[in-house]
Amino acid sequence: MWMVQKVFWKQVHDSIISVLIGDNHNLIEEIVGLTDLCNGCSDCVKMGESCRGYGPIYPSFLEKYIVPNHFDNLVVGDPFFDFIATKSDSLEEWNLPMISCRNLTIDCAEMKIDLTNLVSSVTQMPLKIVEMMMKKWKVKSVKINSRSMIKDIFNYKHKEIIAPFRLTDPFATTEKSESKLDHVELNLTRSSKCTRGITTEEVEEYRNVIANIRRMFPTDHIKITGVYVQSSTLRELYGVLNCLKETIYHENQ
Ligand SMILES: [Zn+2]
């Protein structure tokens, strides 16, 4: 089934490149999602050289992207983080491309499953790498897309140097980043656990999310978007708003 899907994705990807885009790749302003069908092939990396919006980036972006460019929005997520976090022994190994980027979108699955030990946990991000990106690429704003998808991982282990970090970790020990951002958005349109965590009493660890965002991505403006609340009574709605308030002011309590 997986192989059939893969072949289908490749056909869709190749048709988009050859039929829809053809010789007009220099005119494409934004291309987001196509790389998920090919794991960031050379054609997609090449197209990124003239785009304002691009991603998600794959490890090939590190090797093949050579043209300086300014992106309005660059998407980074699990494939890139997993590669960096598991293959690297030192931060100096990573020569991030010479680009700049106004908004960095971090798009991650909410949960991962370690198939070796059959345990699930909240997805980690390589904190030091994210900081490097923000600094080197002069990022002004960050959007975090929390997706409800569960990601299967075989014997997944971060290298120690990368400092794995979860937004649900206790916030008191989270190191404060130096770069102050114009604004940060937590997008929960495709979220399940994080939304439940900040609007109900069900998943207590998500109370740390906003406090951690304040430390990792310092800003005066945090926006939470895409929270769909099903409540038929004012009493239910009051409970949701109360949980949201507790999450937002958790560090002050
Ligand atoms: Zn491609």
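A quick note: this is a predicted structure, and the numbers were derived from the prediction, not measured. (Residues numbered from 1 in each chain as written. Predicted model: local features only at pLDDT ≥ 70, side-chain atom pairs only at ≥ 80, totals over all residues.)

### Description of the overall build of the chain
Note the cut-off: In this text, helices come from DSSP runs of H or I with a minimum length of four residues, and strands from runs of E with a minimum of two, each type numbered from the N-terminal end. Note on method: radius of gyration uses C-alpha positions; expected globular size equals 2.2 Å times residues raised to 0.38. In this scheme the burial state of a residue depends on its C-beta neighbours within 10 Å: 20 or more other such atoms mean buried, 12 or fewer mean exposed, and anything in between means partly exposed; the C-beta positions come from the backbone. What counts as a contact is two residues whose backbone-derived C-beta atoms lie within 7 Å of each other.
Regarding its fold elements, the chain presents eight helices and 10 strands. Taking 18 Å as the expected radius of gyration for a compact globule of 253 residues, we find that the chain reaches 19 Å, a close match to that expectation. Dimensions along the principal axes, computed over C-alpha positions, put the chain at roughly 55 × 40 × 40 Å. Each of the 253 residues in the chain was classed as buried or not, and the buried ones make up 29%. Of the contacts made within the chain by residues no fewer than 6 positions apart, 71% connect residues no fewer than 24 positions apart.

### Thoughts on the domain arrangement of the chain
This is how it is decided: These domain limits were set by an automatic method or by a database of domain assignments.
Here the domain parsing of the chain yields domain 1 (1–51) and domain 2 (68–252). Computed from C-alpha coordinates alone, the two centres of domain 1 and domain 2 are separated by 27 Å.

### Here's the deal with the environment of Met98
Within the secondary structure, Met98 sits in the loop between helix H4 (78–87) and strand S4 (100–114). The sequence separation of Met98 and Phe83 amounts to 15 residues, and the corresponding C-alpha distance is 20 Å.

### Description of the nonpolar core
Using the following cut-off: What makes a nonpolar core is a set of buried Ala, Val, Leu, Ile, Met, Phe, Trp, Tyr and Cys residues, with links drawn between C-beta atoms within 7 Å.
Residues Leu74, Leu104 and Ile213 are the most contacted members of the largest nonpolar core, which totals 47 residues. Each of domain 1 (1–51) and domain 2 (68–252) accounts for three or more of the residues forming this core.

### Some words on the pairing of strand S5 (residues 119–122)
Rules: DSSP calls a pair of strands paired once it identifies at least 2 bridges connecting them.
With four bridges connecting them, S4 and S5 associate as antiparallel partners. Each residue of the ladder has a partner; that of Met111, found in S5, is Val122. Taken together, S4 and the strand that follows it, S5, pair antiparallel across an intervening segment of four residues, in which Leu118 is found at a positive phi of about 55°.

### Re the pairing of S4
Remember that side chains alternate between the two faces of the sheet whenever the strand is regular. Both strand S3 (residues 70–77) and S4 contribute to a ladder of seven bridges, which runs parallel. The residue bridging Asn73 from the neighbouring strand is Asn103, located in S4.

### So, unusual backbone geometry
Cis rather than trans, the peptide bond between Gly55 and Pro56 has omega equal to -5°. Summarising the element assignment, Pro56 is placed in the loop between strand S2 (53–55) and helix H3 (60–64). A positive phi angle, near 60°, is found at Asn39, a position not held by glycine. By the secondary structure assignment, Asn39 is in the loop between strand S1 (30–32) and helix H2 (42–47). Under the C-beta neighbour-count criterion, Asn39 is labelled exposed, with 12 such atoms within 10 Å. A positive phi angle is found at Lys138, which is not glycine, with a value near 50°. You can see Lys138 is positioned in the loop between helix H5 (127–136) and strand S7 (141–153). C-beta crowding within 10 Å serves as the criterion here: with 13 such atoms nearby, Lys138 is assigned to the partly exposed category.

### Quick word on H4
Note the cut-off: Comment: arc refers to directions from the helix axis out to C-beta atoms.
Every buried residue of H4 is accounted for by Phe80, Phe81, Ile84 and Ala85. Looking straight down H4, one finds its buried side chains confined to an arc of 115°; they lie on one side. The secondary structure elements touched by the buried residues of H4 are S3, strand S6 (125–126), H5 and strand S8 (164–165).

### Remarks on the environment of Phe165
Relative to the elements of secondary structure, Phe165 occurs in strand S8. Using a count of 18 C-beta atoms within 10 Å as the deciding quantity, one classes Phe165 as partly exposed. Separated by 43 residues in the primary sequence, Phe165 and Val122 have C-alpha atoms spaced 9.6 Å apart. Phe165 has contacts with Gln124, Met125 and Leu127, leaving out every residue within four places of it along the chain.

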